[in-house]
Amino acid sequence: MKKKLAIIGGSYLQLPIVKKANEMDIETHCFSWRDGAVCADVADFFYPISIIEKEEILKKCQEISIDGITTIASDTAVVTVNYVASRMGLRSNPDEYSEVTTNKYKMRQCFLDNDVPSPKFALVENLAHYQIVGFKFPLIVKPTDRSGSRGVEKVLDPVQLEEAIIRAQNESFEHKAIIEEFVTGQEISVESISNEGKHTILQITDKVTTGAPFFVELEHHQPSSLPEDIKDRVREIVLKALDALHIQYGASHSELKITEDGDIRVIEIGARMGGDFIGSDLVRLSTGYDFLKGVIEVALGEFHKPQITKHNYSGVYFLSEEKKHLKSVIENWRDYPEIVDAEITDSVLRRIECSGDRSGYLIYESSSKFNV
């Protein structure tokens, strides 16, 4: 009899894991609003239930008698995954720590309590009452509970601060913002998989963003160009942070900054796979490890220790007004042996304020970093 896997979320973000589960001959049950749910036509069963309706999804999963539950690239869906799994005796991170891994303020507080190096921060619940005495500009303002760079802005002086807070609160589900001191330096992410509290770091990714004021990702490249001694310190800090957040099962995506002085700061950690093709494609292309398959195996209790079989370079470039020279490359991508996939998703090129403004992408695999 086929194993039954519930997948929370039905957008293009979840499409890779639905396809991978189908390929593994696993029965897929997908939960999401119908609008934008491209997985509805790919999953074996689709339920038009919002991913925040935890109780309704739990009831349906109990009826189905699922064998596992998962999501990728969605912080909001992580809460429902943990809620359902904990009540059905399935593998997931502890439900009581869901908020710590999906709320930037609670995560910062957890890092502070556990001596994990991270930026100085303050919570803003309303504009009349918040405290930033002793903070040095520039600052970063973010919604407490969103991903994909939504509502993130760099603030250079006090005059800009109120407008940035309002923008972040408007993007936040709980209408709260977090203010952080801005950390300069190289941005990276660390891709990991965990099972029974044991973590395997798969890859370190270099990130290129638009920079101030919105810091939306334009490129990702693996492996990182950081010196090996810095990478070793990064791994050490990430392992400590994963333990502090009680991440025990599944993928994690840790974002860090390395200052010019070699100081390392954890910006945030998602208890799920990194988006932007990082988890679904780049890790497999650079290491040979099928990250998607690993996440499914963790959810079903069939995990095998990862084996790194390749040492390639991989990466993704995103199309936008800032990167308009990529348009002709993407249109003719089959002329480039390094490019494994590419697509123009929108004929209009925009200047980017969030990841939803991007108009296409190209993914590469090569023996060296592919510059375009």
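Now for a look at the structure at hand. For every chain, the first residue of the written sequence is number 1, and numbering continues from 1 onward in sequence order. Local features in this predicted model are restricted to residues whose pLDDT is 70 or higher, and side-chain atom pairs enter the listing and the counts only when it is 80 or higher, whereas totals over whole chains, interfaces and linings include all residues. Think of the side-chain values as coming from all heavy atoms in the structure, minus any hydrogens and water.

## Regarding the packing of aromatic side chains
As a reminder of what qualifies: Ring pairs are drawn from Phe, Tyr and Trp, using the six-membered ring of Trp, whenever the two centres fall within 6.5 Å, and their geometry is named by plane angle: stacked under 30 degrees, edge-to-face over 60, tilted for the rest. The secondary structure listing takes helices from DSSP runs of H or I that are at least 4 residues long and strands from runs of E that are at least 2 residues long, numbered from the N terminus. In this scheme, a residue with accessible area under 20% of its type's maximum is buried, one over 50% is exposed, and one in between is partly exposed, where area comes from a 1.4 Å probe on protein chains only.
Throughout the structure, instances matching the rule amount to nine aromatic pairs. Measuring from centroid to centroid gives 6.3 Å for Phe277 and Phe318, while their planes differ by 25 degrees, and the two rings are stacked. On the criterion of sequence distance, the pair formed by Phe277 in the loop between strand E13 (264-270) and helix H8 (278-287) and Phe318 in strand E14 (residues 313-319) is long-range, its members being 41 residues apart. Their ring planes at 40 degrees and their centres at 6.5 Å tell us that Tyr289 and Phe291 sit as a pair that is tilted. Look at Tyr289 and you get buried, because its relative accessible area is 8%. According to the relative accessible area criterion, Phe291 is buried, its value standing at 0%.

## A look at the pattern of salt bridges
Pairing of side chains with opposite charge becomes possible as their charged atoms draw close. Just so we agree on the cut-off: Salt-bridge detection follows one rule: a side-chain nitrogen of Lys or Arg within 4 Å of a carboxyl oxygen of Asp or Glu.
Applying the stated rule across the entire model yields 30 salt bridges. Between Lys106 and Glu99 there is a salt bridge, with the nearest N and O atoms lying 2.8 Å from each other. A residue is classified by how much of its surface remains accessible, and Lys106, at 33% relative accessible area, is partly exposed. Its salt-bridge partner being Arg358, residue Asp276 comes within 2.5 Å of it at the nearest N-O pair. Separated by 82 residues along the polypeptide, Asp276 in the loop between E13 and H8 and Arg358 in the loop between strand E15 (339-344) and strand E16 (360-366) bring together distant segments of the chain. With a relative accessible area of 12%, Arg358 lands in the buried category.

## Some points on the environment of Ser11
The criterion, for reference: It only takes one pair of heavy atoms within 4.5 Å for two residues to be counted as in contact.
Here Ser11 is to be found in the loop between strand E1 (4-8) and helix H1 (15-23). Relative accessible area serves as the criterion here: at 25%, Ser11 is assigned to the partly exposed category. Sequence separation between Ser11 and Val238 is 227 residues; the distance between their C-alpha atoms is 29 Å. In contact with Ser11, other than residues within four places in its own chain, are Gly36, Val38 and Cys39.

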